[in-house]
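What follows is each chain in one-letter form.
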Amino acid sequence: MTEYLDKRRRFRYSTWCVLFADTDTVPWRERNKNSSLSYFFARADTMIRYQCFGRQCRRRSPMKKDVVIIGAGPAGIFTALEMRKRGSRKSIVLVEKGQAVEDRRCPKSKTGQCVSCKPYCHITTGFSGAGAFSDGKLSLSCEVGGDLPTLIGPERAQDTIRYADGIYLEFGADSRIEGLGNTEEVKAIRKRAIQAGLKLVDCPIRHLGTEKAQDLYYAIEQYLLQNGVEMLFGYECTDLILDGEACLGVRVRRGREEQEILAERTVIATGRRGADWLESLCAEYNIAHQPGTVDIGVRVEVRSEVMETVNRVLYESKLVGHPRPFKNKVRTFCQNPGGFVSQENYDNDLAVVNGHSYKELKSDNTNLAILCSHNFSFPFNQPIAYAQRVGELTNMLGAGHIMVQRFGDILDGKRTWPKELNFANVRPTLPDAVAGDITAAMPYRAMTNIINFIQAMDQVVPGFASTETLLYSPELKFYSNRVKMDEDFNTNVKGLHCLGDSSGWTRGLMMASVMGVLMGRELAEKEGQ
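The structure presented is a predicted model; accordingly, all values stated were derived computationally and were not measured.

Side note on the overall build of the protein chain
Per the secondary structure count, the protein chain includes 15 helices and 25 strands. Counting only residues that meet the buried cut, the protein chain has 56% of its 529 residues in that class. Sequence separation of at least 24 residues holds for 75% of the intrachain contacts in the protein chain that already meet a minimum separation of 6. Of the roughly 22,800 Å² of accessible surface on the protein chain, 48% is carried by carbon and sulfur atoms.

Shown next as C-alpha cells:
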C-alpha cells in the first residue's frame, strides 16, 4: 500500500497531463480550431475535470478505508454487521450499485407491466440485494443453499445458520418457522417422493415475506449507518487495484464521477447479478477459480388447491431428482404459496422470471422453480454465457417479455395461445407474460429433464402435471464461477475475499448471510494484528 501511494505522489509532482473529451484520431490542435472543446492542464491525482459541450467529469482523490465491501446484499451486509457487533472500530465503506432500501421501488405496481428500468432493475439491485425483494425466505438447514458446508464443514455452517437466524429475529423477522411438526404427513409425502424417484430434503423455513423483508433490511441499514458504516449508493465497481499479487482496493464510478478506494481488505459480494462481472475479473487478474454450475429452468404455476397439503405441511417442498435419460440434477426452488410470478431484468435487457410471496397479499396460485443444473469443463467452460444465450433466445421469441406455456401443450407439441389462458382454471399471475412455445428456445436436454421431473412430481402432488399447469421461461440462476478460497475466504490474491452467490459457494439469503457473518468475524478478530 505504501509503495503504491509513493508512486502516486511521484506521479503527482512530476507529471502534467492534457485531458480530452473526444476520442477520434484527429490531432487535438486541428480539432480545437472549430470546436467548443475546452481543455486544461491539471496535476494528476487531484480533482480533475474536463468539459465538452457542457458535460463534466471529475476524479476525486483516493478514499482510504480499512475495509471496502462491494455489494450490499446479505453477504456484504452481514460482513459489516458482524464486524460492528464484534466491536470492530475499523473504517468500513459499503459500495452498492443500486439505491438504499427505502428508495427501491418497482414501477410495475402502478404501470401493470415491466418498464425495464434503467440503468438497473430495482428488484435485483440495491441494499438487501435481489432475494429480499422476491420472496424473502430463510432456509434453516445447511443441506440447502449451495456448497458452503463442503468448504467450512457442515457443523460450522449449521451453527452459523442459527446465529444468523437470531440476527434476523433481532431485526424483526417473524418468529414462526414453517415445515416443523406434522411428522406423519411429512412421512407420507416422503414415501410418495421415494416411489417417484425423488428425494425430499428436510428444511425448516422462516418466511420474511416480500413486504416485511423491506422493513427488516431498512432497520439493518439504519443500524449500520448509526454505527459508522459509510455507504456509497449508485456507485458501480469498475476495477480492482492490484500491486503484484496483493489487492489494494477498487475503482468505482457514478455517472462521470470516478473514485479510487484504497483498503487493506476488499470484499466482493455482488450476488448473482454480479457473477458474470466477477468471472471476468478472475480471468483478467488470475484469481484462482473454476467453472461452476449454472441452473436453467422454468417457473411452474398451479392452483393452490393442487399444492394444498404440501403448502400446509412443509410450506416449501424441496425435492431433488436425477431423471432419465440424462440424469442431470433437477430440483425445486423458491416455492411461493399464494404467491405471484414476477419479472426481473439483468444487464443487456435480459428478462428472467422469479416468484414473490407476500405475508398479507395472496393469489389463488402457488408457484415454484424447477431448475436443471449444467456443468461445463472442456472445451467450453463458460456456463454463465451459455445460460444467458438461452435467456436471450427466449426473450427474442417473447418480444422482450417472459414466455408462458401450458404443460399439456408442450406434451402435444403445440404453442399456447392467449385465448387458451383466458378461460383456464390456472390464470397467470404475471399478466404481461406472452403465451407461446418455450420449447423453441429451451435446450433439448434441459426440457427433457424438466418434463420428466414434472411427471415424477405428479406422483408426489397429484394434479401437478395437469394440462393447465403453466410453465414460465426463462428461469436462470447464475451461481457459476466458483472462486477458490480457504475456509477463511482468502483468495490467492492477498487482501481479496469473495462472498455470497457471486463466489459460487452459496445459493440464497441464509447461506450468503452465513458467509458474511464468518467474514465479519475474521476481519474483526484480525484487528490490531
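Focus: helix α6 (residues 154-170)
Compared with an ideal rise of 1.5 Å per residue, which puts 17 residues at 24 Å, α6 spans 24 Å between its outermost C-alpha atoms and is within 8% of the ideal. Packed against the buried residues of α6 are α3 (74-85), β7 (137-139), α5 (148-152), β9 (205-207), α8 (210-226) and α15 (509-525). One or two positions beyond α6, positive phi appears at G172, with a value near 115°.

Thoughts on the pattern of salt bridges
All chains considered together, the criterion is met by 29 salt bridges. Residues D295 and R331 are paired through a salt bridge, measuring 2.7 Å at the closest nitrogen-oxygen approach. In this pair, D295 is assigned in strand β15 (residues 293-303) and R331 in strand β17 (residues 330-337), connecting sequence segments 36 residues apart. Neither D295 nor R331 differs from the other in exposure class; each is buried. For D409, the salt bridge identified is with R406, shortest N-O distance 3.0 Å. The exposure class assigned to R406 is buried, which follows from its relative accessible area of 13%. The network of salt bridges with shared partners includes R406, D409, K414 and E420.

Some remarks on the confidence of the model for the protein chain
Looking at the protein chain, the pLDDT average stands at 87 and 87% of residues meet or exceed 70. Note that residues 8-55 has pLDDT below 50 and, in this model, 63 contacts with residues that lie over four places away or in other chains.

Here we look at the pairing of strand β19 (residues 350-356)
Among the seven residues in β19, seven count as buried, and that is most of the element. Across seven bridges, the pairing between strand β18 (residues 340-346) and β19 is antiparallel. What sits directly across from E344, in β19, is V352. Counted along the chain from β18 to the antiparallel partner β19, the turn is three residues long, and its residue N348 has a positive phi close to 60°.

Quick word on the nonpolar core
V95, F127, Y168, Y217, L224, I261 and F489 are the most contacted members of the largest nonpolar core, which totals 75 residues. Top element by residues in this core is α15. It accounts for ten residues. The residues contacting V95, other than those within four sequence positions of it, are V68, I69, I70, G71, A72, L232, Y235, V252 and I261. V352, I384, F407 and I450 belong to the second largest nonpolar core, which has 46 residues in total.

Here's the deal with a nonpolar patch on the surface
Residues L393, M396 and L397 make up a contiguous nonpolar surface patch of about 280 Å² in total accessible area. With respect to the helices and strands, M396 occurs in helix α11 (residues 383-397).

Some details on the packing of aromatic side chains
Enumeration according to the criterion identifies eight aromatic pairs in this entry. Their ring planes at 90° and their centres at 6.1 Å tell us that F326 and Y444 sit as a pair that is edge-to-face. Placement of the pair is F326 in the loop between β16 (318-321) and β17 and Y444 in helix α14 (residues 444-460), with a sequence separation of 118 residues. In this structure F326 comes out as partly exposed when scored by relative accessible area, which is 26%. Under the relative-accessibility criterion, Y444 is labelled exposed at 63%.

Considerations on α8
In this model, α8 (17 residues) spans 25 Å end to end at C-alpha, consistent with the 24 Å of a helix rising 1.5 Å per residue. Taken as a whole, α8 has its buried residues at T210, A213, L216, Y217, I220, E221 and L224. Projected down its long axis, α8 shows its buried positions confined to an angular sector of 145°, all on one face. Among the exposed residues of α8, those pointing more than 90 degrees away from its buried face are D215 and Q226. Those residues of α8 that are buried lie in contact with α3, α6, β10 (230-233), β19 and α15.

Some points on the sheet that holds β15
Strand order in the open sheet formed by eight strands is β8-β16-β17-β20-β15-β23-β21-β22, with mixed pairing between adjacent strands. For this open sheet the edge positions go to β8 (198-201) and β22 (434-435), each flanked by a neighbour on one side alone. Direction of pairing for β16 relative to β17: antiparallel, over a ladder of two bridges. When the sheet's bridge partners are listed, G321 is paired in β17 with V330. Here α14 sits on the sheet in contact with β8, β15, β16, β17, β20 (365-375) and β23 (470-477), set at roughly 135° to β20.

Looking at the packing of α3 against α6
Between α3 and α6, the least distance of the axes is 12 Å, while the angle of their chain directions is 85°. Compared by their axis directions, α3 and α6 come out roughly perpendicular. On α6, the residues touching P74, F78, L81, E82 and K85 of α3 are Y163, A164, I167, Y168 and E170. Across the contact of α3 with α6, the residue classes break down as seven nonpolar, no polar and three charged.

Let's talk about the state of the cysteines
In the structure shown here, the tally under the stated rule is zero disulfides. C203 takes part in no disulfide bond, and the closest cysteine sulfur, belonging to C142, lies 9.5 Å away. Look at C203 and you get buried, because its relative accessible area is 9%. Cysteine C247 is unpaired, with the sulfur of C237 as its nearest cysteine sulfur at 8.8 Å. We classify C247 as buried; its relative accessible area is 3%.

About the cut-offs
Counting restarts for each chain, with residues numbered from 1 along the sequence as it is written. Whole-chain, interface and lining totals are the exception, using all residues; otherwise, since this is a predicted model, local features are given only for residues with pLDDT of at least 70 and side-chain atom pairs are given and counted only at 80 or more. As a rule here, side-chain values come from all non-hydrogen atoms in the structure, and water together with hydrogens is ignored. Only DSSP runs of H or I reaching four residues or more are called helices, and only runs of E reaching two or more are called strands; each is numbered from the N terminus. Partly exposed residues are those whose accessible area sits between 20% and 50% of the maximum for their type, while under 20% is buried and over 50% is exposed, using a 1.4 Å probe and protein chains only. By definition, residues are in contact when any of their heavy atoms lie within 4.5 Å. Where accessible areas are quoted, they stem from the Shrake-Rupley method and a 1.4 Å probe; at the residue level, only the protein chains shown are allowed to cover. Multiplying one less than the number of residues by 1.5 Å gives the expected span of a helix. Each reported salt bridge corresponds to a side-chain nitrogen of Lys or Arg within 4 Å of a carboxyl oxygen of Asp or Glu. Per residue, pLDDT measures the predictor's confidence, with a range of 0 to 100. Any two strands with at least two DSSP bridges between them are considered paired. Nonpolar core, defined: a set of buried Ala, Val, Leu, Ile, Met, Phe, Trp, Tyr and Cys residues in which side-chain atoms within 4.5 Å join the residues together. The patch calculation keeps residues exceeding 30% relative accessible area without a salt bridge and links them within 9 Å when they carry like charges or within 5 Å when they are nonpolar (Val, Leu, Ile, Met, Phe, Trp, Tyr). The pairing test for Phe, Tyr and Trp rings, Trp by its six-membered ring, is centres within 6.5 Å, and the orientation test on the planes gives stacked under 30 degrees, edge-to-face over 60, and tilted for anything in between. What the arc covers is the set of directions going from the helix axis to the C-beta atoms. As a rule, the C-alpha atoms of each element are fitted with a line to give its axis, helices using only the stretch in contact, and angles between N-to-C directions run from 0 to 180 degrees. Here the word oblique covers every angle except those under 35 degrees (roughly parallel), over 145 (roughly antiparallel) and from 65 to 115 (roughly perpendicular). Residues are grouped as follows: Ala, Val, Leu, Ile, Met, Phe, Trp, Tyr, Cys and Pro are nonpolar; Asp, Glu, Lys and Arg are charged; every other residue, Gly included, is polar. Cysteine sulfur atoms are paired as a disulfide whenever they come within 2.5 Å of each other.

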